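Examination of the molecular architecture
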Amino acid sequence: MKYLPIIIIIFFFLIPGCLESGAYKDVSRSQLSSGVYEGIKICTDLIYENNGFSEITVLRNQNFTSDLKNGTLATVCGIYRSSLIEPDSVSPVLAITTEKDVYYSNETLKVHIDFYSRTDGKANLEVSGIRNDFGRPLIEKIQDIAFVKGINGFNFEFKTPSCEECSGLSPGEYAVNATVKFDEKSFETYRKITLLQGASTHNKTGISQVNDTQLKDTRLNDTQAAPSYSIPESNNTILVEYFYITGCQKCEQATPVVEALMKSYGERVNLIKYNAKEEGRELAIKYSIPGTPSIVINKDRNNLISYENYNGDTAKLEEVLKAAIDNAYSQKSPDIVQKEKIILSVPSVFVVGFLAGFNPCLLAILAFIASVTLATTGKRRNVLLIVLMFTLGIFVTYLIVGLGLLRILEEAPGLQAGIKNFLVVLIGILGLWHVYDAYHLRTNAESSFYTPKAFIRLTESVTKKVSLPASFFMGALFSLIKAPCVGAVYFLILDMVRSGEGTGYLYLAAYNFGVVLPVLVLGGAIAFGLDPEKVEKFRKDKRSMMRLITGVTLLIIAFLMYIGKI
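Thresholds, definitions, all that
- Residues numbered from 1 in each chain as written.
- Predicted model: local features only at pLDDT ≥ 70, side-chain atom pairs only at ≥ 80, totals over all residues.
- Heavy atoms only, no water.
- Helix = DSSP H or I, 4+ residues; strand = E, 2+ residues; numbered from the N terminus.
- Buried < 20%, exposed > 50% of the residue type's maximum accessible area, 1.4 Å probe, protein only.
- Contact = heavy atoms within 4.5 Å.
- Salt bridge = Lys/Arg side-chain N within 4 Å of Asp/Glu carboxyl O.
- Pairing = 2+ DSSP bridges.
- Axes fitted to C-alpha atoms, helices over the stretch in contact; angles between N-to-C directions.
- Expected span 1.5 Å × (residues − 1).
- Arc of directions from axis to C-beta.
- Bend = angle between axes of the 7 residues up to and from the residue.
- Disulfide = S-S within 2.5 Å.
- Parallel < 35°, antiparallel > 145°, perpendicular 65-115°, else oblique.
- Left-handed = near helix turned anticlockwise from the far one by under 90°.
- Nonpolar A, V, L, I, M, F, W, Y, C, P; charged D, E, K, R; others polar.
- Phe/Tyr/Trp six-rings, centres within 6.5 Å; stacked < 30°, edge-to-face > 60°.

1. Here's the deal with the overall build of the protein chain
Looking only at helices and strands, one finds 17 helices and 17 strands in the protein chain. Every one of the 566 residues in the protein chain was classed for burial, and the buried ones make up 43%. Look at the contacts in the protein chain between residues 6 or more apart in sequence, and 69% of them connect residues 24 or more apart.

2. Section: the pattern of salt bridges
With the rule as written, the count across this model stands at seven salt bridges. When the shortest N-O distance is used, the salt bridge between Glu 107 and Lys 100 registers 2.3 Å. Lys 273 is paired through a salt bridge with Glu 259; the nearest N and O atoms lie 2.5 Å apart. Highlighted residues: Lys 273 in strand 15 (residues 269–275) and Glu 259 in helix 4 (residues 249–265), separated in sequence by 14 residues.

3. Focus: the sheet that holds strand 13 (residues 185–196)
Read from one edge of the open sheet, five strands run 7-13-12-9-10, paired in mixed fashion. Looking at the sheet topology across the chains shown, the edges are occupied by strand 7 (102–104) and strand 10 (137–147). Strand-to-strand, the axes of this sheet are offset by a mean angle of 30°, without reference to chain direction. Sheet topology places strand 9 (residues 121–131) next to strand 10; ten bridges connect them, and they run antiparallel. If you follow Ser 128 over to strand 10, its bridge partner there is Glu 140.

4. Some remarks on helix 6 (residues 314–331)
With 18 residues, helix 6 should cover 26 Å at 1.5 Å per step; its first-to-last C-alpha distance of 26 Å lies within 8% of that length. Among the residues making up helix 6, those that are buried are Leu 317, Leu 321, Ala 324, Ile 325, Ala 328 and Tyr 329. Along helix 6, the residues classed as buried sweep out an arc of 130° about the axis, all on the same side. Exposed residues pointing more than 90 degrees away from the buried face of helix 6 are listed as Ala 315, Glu 319 and Gln 331.

5. Quick look at helix 4
Between its first and last C-alpha atoms helix 4 spans 26 Å; for 17 residues at 1.5 Å apiece the expected length is 24 Å, and the two agree. Most pronounced at Thr 255, the bend in helix 4 amounts to some 30°, and the proline Pro 256 follows within four residues. Three or more residues of helix 4 are buried, namely Cys 251, Ala 254, Thr 255, Val 257, Val 258, Leu 261, Met 262 and Tyr 265. Those residues of helix 4 hidden inside the fold are in contact with strand 14 (238–244), strand 15, strand 16 (294–297) and helix 6. Following helix 4 by one or two positions, Gly 266 adopts a phi angle in the positive range, close to 60°.

6. Side note on the state of the cysteines
Summed over all chains, the structure comprises two disulfides. Through a disulfide, Cys 43 is tied to Cys 77; the S-S separation comes to 1.9 Å. Where Cys 43 bonds to Cys 77 through sulfur, the torsion about that S-S bond is close to 115°, and the disulfide is right-handed. Residue Cys 43 is located in strand 2 (residues 41–49), and its partner Cys 77 is located in strand 5 (residues 72–81); the two are separated by 34 residues in the primary sequence. Take Cys 43: its relative accessible area is 9%, and that puts it in the buried class. The disulfide bridge from Cys 166 ends at Cys 248, spanning 1.9 Å between sulfur atoms. For the disulfide bridge between Cys 166 and Cys 248, the dihedral angle about the S-S bond is near 115°, and by the sign convention the bridge is right-handed. With Cys 166 in the loop between strand 11 (150–159) and strand 12 (172–182) and Cys 248 in the loop between strand 14 and helix 4, the pair connects residues that are 82 residues apart, well separated along the chain.

7. What about the packing of helix 4 against helix 6?
At a minimum axis distance of 10 Å, the contact between helix 4 and helix 6 shows a crossing angle of 40°. As summarised for this structure, helix 4 and helix 6 are arranged oblique, according to the angle between their axes. Of the two possible hands of crossing, helix 4 and helix 6 adopt the one that is right-handed. Mapping the contact onto sequence places Gln 253, Ala 254, Val 257, Val 258, Leu 261, Met 262 and Tyr 265 in helix 4 and Thr 314, Leu 317, Glu 318, Leu 321, Lys 322, Ile 325 and Asp 326 in helix 6. The residue inventory of the contact of helix 4 with helix 6, partitioned by class, reads nine nonpolar, two polar and three charged.

8. As for the environment of Ile 142
You can see Ile 142 is positioned in strand 10. Note: C-alpha distance between Ile 142 and Glu 126 (16 residues apart in sequence) is 4.3 Å. When sequence neighbours within four positions are dropped, the list of residues in contact with Ile 142 reads Asn 124, Leu 125 and Glu 126.

9. Overview of the pairing of strand 12
Taken across its eleven residues, strand 12 has nine buried, putting it largely inside the fold. As defined by bridge partners, strand 9 adjoins strand 12 across six bridges and the pair is classed as antiparallel. Following the sheet pairing, Ser 128 is matched in strand 12 by Asn 177. With eleven bridges joining them, strand 12 and strand 13 adopt antiparallel strand pairing.

10. Looking at the packing of aromatic side chains
Any two aromatic rings considered together are summarised by their centre-to-centre distance and by the angle between their planes. All told, the structure shown has twelve aromatic pairs when counted by the stated rule. The interplanar angle of 75° and the centroid separation of 5.9 Å between the aromatic rings of Phe 115 and Phe 182 together place this pair among those described as edge-to-face. In this pair, Phe 115 sits in strand 8 (residues 108–117) while Phe 182 sits in strand 12, placing the two residues 67 residues apart along the sequence. Classification of Phe 115 as buried rests on a relative accessible area of 2%. You can call Phe 182 buried: its relative accessible area is 14%. Judged by centre distance (5.2 Å) and plane angle (65°), the ring pair of Tyr 307 and Tyr 310 falls under edge-to-face.

11. Notes on the pairing of strand 16
Regular strands place side chains that alternate from one sheet face to the opposite one. The alternating pattern of strand 16 places Ser 294 and Val 296 and Ile 295 and Ile 297 on opposite faces, both of which are buried. Relative to strand 16, strand 14 runs antiparallel, the two being bridged by four bridges. Each bridged residue has a counterpart across the sheet, and for Glu 241 the counterpart in strand 16 is Val 296. The pairing of strand 16 with strand 17 (residues 300–306) spans four bridges and is classified as antiparallel. By the bridge assignment, Val 296 is partnered in strand 17 with Leu 304. Linking strand 16 to strand 17, which pair antiparallel, is a turn of two residues; within it Asn 298 sits at a positive phi near 55°.

So, in structure tokens, the structure goes:
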């Protein structure tokens with residue numbers, strides 16, 4: 001018993017070593033070359049091609065007797081010695097096959113994928129390959145798959161690309177790659193095919209040498225350094241990079257269309273042309289262009305226009321390119337748009353409301369209310385109370401109506417497309433009406449902005465009773481009756497709030513306060529001694545001029561809205 005502690009200690013150190021010696025270490029092919037795993041049990045993923053595994057020799061024994069299909073990724077487990085593996089097991093994981101080894105341009109390419117799984121689950125399967133000179137896979141499909149335990153088969157069908165100057169693709173040997181990703185694991189394999197020019201086309205170059213970067217399935221590095229030469233930029237211009245290849249007939253067809261459209265934009269667009277096989281090769285690889293002609297907007301490889309986008313239709317090319325430039329210009333930087341537009345601030349909106357409120361309509365009703373109140377009660381304090389409630393009714397009504405209109409516009413996005421045109425027309429009509437009324441008042445005593453006599457009688461009745469709730473109601477009613485008089489610019493403010501410009505609802509409050517402030521100021525002045533008859537006399541003497549100023553202002557606003565400045 002006295003040796004029991006010693007025996008336990010020995011077992012404590014020996015057992016983990018025994019367990020470790022029986023386990024396989026998962027290593028990559030590159031790690032095996034370090035020599036660290038010499039004589040150790042390892043598992044590694046190898047691709048079977050040309051009737052054998054590439055890079056590492058796997059010995060034939062009782063655990064590896066059958067041949068695998070070329071293009072099969074298999075997990076090989078065994079003892080590693082001197083660049084050899086004595087396999088204990090060879091388990092296929094992913095296999096890719098094609099109907100044949102040699103294909104011509106524009107021929108149907110059928111690809112079959114077998115995925116060997118030990119469980120059920122879901123994954124992402126990508127098949128791509130035949131990369132051109134610029135690293136772009138010219139066949140590519142990605143789909144989500146569901147798999148079960150065992151062998152899972154999936155079929156894909158492509159059309160082989162043309163071997164031509166424009167595509168940056170020469171006859172030769174290329175790889176078709178298959179990748180399965182799930183649970184943070186990734187399995188990749190490839191199969192080589194030979195691509196030739198079409199049988200009816202004379203092949204001057206024959207089959208080119210094997211492109212090693214294609215066969216090794218190297219991916220385009222998104223972080224690849226930009227070319228050493230600089231590209232002139234400006235925050236006010238759109239950069240258009242046009243890639244062509246000398247002798248490409250598609251480029252000869254597209255170039256004059258691109259150049260003519262760029263000229264129409266003037267200095268707003270900066271066009272730079274590159275020969276994709278010479279000075280523009282680095283950029284072409286960076287953008288991974290599918291061939292030429294290709295157009296990249298603002299250095300964004302996701303905003304790329306290629307031949308496939310218009311298929312030889314030059315009118316469509318012009319349409320697609322114009323849409324891309326216009327969209328890029330609107331999204332390039334909010335600062336650009338703001339520099340070109342007149343942006344109203346809260347103080348400026350307040351001033352606009354103040355000018356809208358200081359007009360003959362409000363002055364007339366204010367003088368009328370003050371006169372009736374003084375004649376009935378003789379108390380100027382009552383004038384101030386009635387004016388306060390009257391203006392409060394105007395303010396609250398305009399604010400509530402504005403919020404309601406905004407809610408309708410937000411919940412009915414289909415109406416928003418015609419809002420801008422509607423506002424331009426409406427404000428323009430109101431501007432013309434004000435200009436006409438200015439001319440009308442020179443020869444007529446009454447304004448063309450007719451106030452219903454029933455409203456005047458109702459106002460007189462309410463004012464005589466000095467009813468504050470009734471005064472609030474009169475203000476609300478007046479705001480609706482006289483909307484054309486003071487509400488034209490209000491529609492512009494609503495459009496700005498709807499478009500998300502400025503500080504939103506604060507604009508409404510600022511504008512409404514500006515509208516009622518002249519009434520408050522003049523009402524207070526009358527309450528503290530100003531003669532209402534002087535207010536009325538000023539209104540009559542200056543109403544034509546005020547109408548003209550208001551009308552011209554509205555016409556200017558309508559014009560600025562039409563050209564997109566506000």
